[in-house]
Amino acid sequence: MHLSVTNHSMGQMSVSDAGDLPHWVESQLPSIVSEAYGNVLDQIPLFVRAEPLLQQDLHQSIDDTLRSAVAAMIHAHDISEMTAPQETGRRRAQQGVPLAEVLQAHRVSFGTLWDALVRATRPGGCCEGPEALVAVASWVWSAADKYAMALTDSYRAASAELLAAEGRRRSALVESLLAGRPSPDCSPWEVATLLGLAPNADLMVVAADNSEPNAGGVIDVEQKLADRGIVSGWRLSPTLQLGIVSLHTGQHEDALTVLRDAGVRAGVSPPYGGLSDTPRALQLARSALSAVRSGRPEVREFSSSPLDAFLACEPNEGRRLAEDVLGRVLELNAADRSTILGTLTAYFDNQGSAERTAEQLYCHVNTIRYRLRRVHELTGRSLKDPLGVAELVSAVLSLRMGEPNTAHCALG
């Protein structure tokens, strides 16, 4: 671009003819840069409180930017070389300086350059004459705008890269806790600190289905929890989103509410305290998820019963137990099987009271007793024998965990 201004008495006058203003600016750059640096510190408190290295980098970036702009002005070039603002944007993003302060510093720097130009063209200045200032005015502010755009684009691109890298880092840290494998970089407690998990808070693991078309709400769960002051870390896979949630007093129900409001299909472990229990909690969360019918948005929390936990952690033994104890019941036709299993489950849920079971199932108490006698006949286990009761309870729980789409329907 050739910078020029039309003057009726002088004809067309180039910048270099107009008092050689650009060359004067170049000779004064060290003092202009120092003035701009001081103005930035005066107007932006963040940089005053910054570490010395950031302050040094600020001074250098002001020098690089203004020197690049003035060089282009001297040679009357279009602004196309954007290395200086792009580097500034990238470094400020990496340093964690907010974009608003970065752009403000940029405006202050070009404002200082403009003030120097104005002073030079005033009466008594080294380049006296308004023609010289008019010749460079639009160019200077056009350069400032183009630099600001390049700085902003570079800052946002670097921020996106940093967020992606941080997401991968957090995902890897979460994976190390879920798998019970130490991170190559730090201990489990250091991993928890990096994830922001409070040292004295309870934890719970969430296994949310990410494979179904209506699972879009899963992606936003971390932010929705954060909006309620609940810290969590997540690992996303094509089928599951696994999370470790840190819970302070009173936040347990809030966390479940967020999951339910998201409309996801999820299983949740019971709260636990030790990081070493995370792999076990993951297994319980997966077990709870498996008990939710496919396609149904429901959040199911795993029972805090030690027996439930034991069976979930030994699923193969649980299935074998269910087959050994309830084999003849499972061979019944669908209607009879559903009736017997539903009655047995309701009986256990009502602490072995036939009367309360009858009320729950809306039938006569003698009907309940008859069905329980059939359980004895089919399984060989008496409901009056503690060992028989233990085996029946374990078998029913195992069946419910292992076959969510069939057994759960039968068990009510």
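Read on for a plain summary of the structure.

Rules of the game
- Residues numbered from 1 in each chain as written.
- Predicted model: local features only at pLDDT ≥ 70, side-chain atom pairs only at ≥ 80, totals over all residues.
- Heavy atoms only, no water.
- Helix = DSSP H or I, 4+ residues; strand = E, 2+ residues; numbered from the N terminus.
- Buried < 20%, exposed > 50% of the residue type's maximum accessible area, 1.4 Å probe, protein only.
- Contact = heavy atoms within 4.5 Å.
- Areas by Shrake-Rupley, 256 points an atom, 1.4 Å probe, with all protein chains shown as cover.
- Salt bridge = Lys/Arg side-chain N within 4 Å of Asp/Glu carboxyl O.
- Phe/Tyr/Trp six-rings, centres within 6.5 Å; stacked < 30°, edge-to-face > 60°.
- Pairing = 2+ DSSP bridges.
- Axes fitted to C-alpha atoms, helices over the stretch in contact; angles between N-to-C directions.

Some details on the overall build of the protein
Tallying secondary structure elements over the protein gives 18 helices and seven strands in all. Put simply, the protein has 412 residues, and 47% of those count as buried. Sequence-distant contacts, at least 24 apart, represent 69% of the contacts inside the protein between residues at least 6 apart. Taken as a whole, the protein presents about 20500 Å² of accessible surface, with 52% of it coming from carbon and sulfur.

Notes on the pattern of salt bridges
Scanning all chains against the criterion turns up 13 salt bridges. The salt bridge partner of Arg67 is Asp63, with a shortest N-O separation of 3.2 Å. With Arg67 and Asp63 both in helix H4 (residues 52-74) and four residues apart, the pair spans about one turn of that helix. Residue classification places Arg67 among the partly exposed positions, given a relative accessible area of 37%. Residue classification places Asp63 among the buried positions, given a relative accessible area of 16%. Residues joined in a network through salt bridges with shared partners are Asp57, Arg91 and Arg92.

Here we look at the packing of aromatic side chains
Counted according to the given criterion, the structure contains three aromatic pairs. Ring geometry for Trp114 versus Trp141: centroids 5.8 Å apart, planes at 55°, classification tilted. Here Trp114, found in helix H6 (residues 99-121), pairs with Trp141, found in helix H7 (residues 130-179); they are 27 residues apart in sequence, far enough to count as distant. With a centroid separation of 6.0 Å and an interplanar angle of 55°, the aromatic rings of Tyr347 and Phe348 are classed as tilted. A relative accessible area of 14% means that Tyr347 is categorised as buried.

Points about unusual backbone geometry
With a phi angle near 55°, Gln351 is a residue other than glycine that sits in the positive phi range. Turning to its location among the elements, Gln351 is positioned in the loop between helix H14 (334-349) and helix H15 (354-361). Phi at Tyr362 is positive, roughly 55°, even though this residue is not glycine. By secondary structure assignment, the location of Tyr362 is in the loop between H15 and helix H16 (365-379). Since its relative accessible area comes to 78%, Tyr362 is described here as exposed.

Details of the sheet that holds strand E7 (residues 299-301)
Pairing in this open sheet of five strands is mixed, and the strands run E4-E5-E3-E6-E7 from one edge to the other. On the outer flanks of this sheet lie strand E4 (231-236) and E7, each paired with one strand and no other. Averaged over all neighbouring strand pairs, the angle between strand axes comes to 20°, with direction disregarded. Bridge count for strand E3 (residues 202-209) against strand E5 (residues 240-247) is eight bridges, and the pairing is antiparallel. Residue pairing for E5: Ala207 is matched across the bridge by Leu242. Across the sheet, helix H10 (residues 252-261) touches E3, E5, strand E6 (266-268) and E7, and the angle it forms with E7 is around 150°.

Remember, this is a structural readout, not a statement about activity or role.
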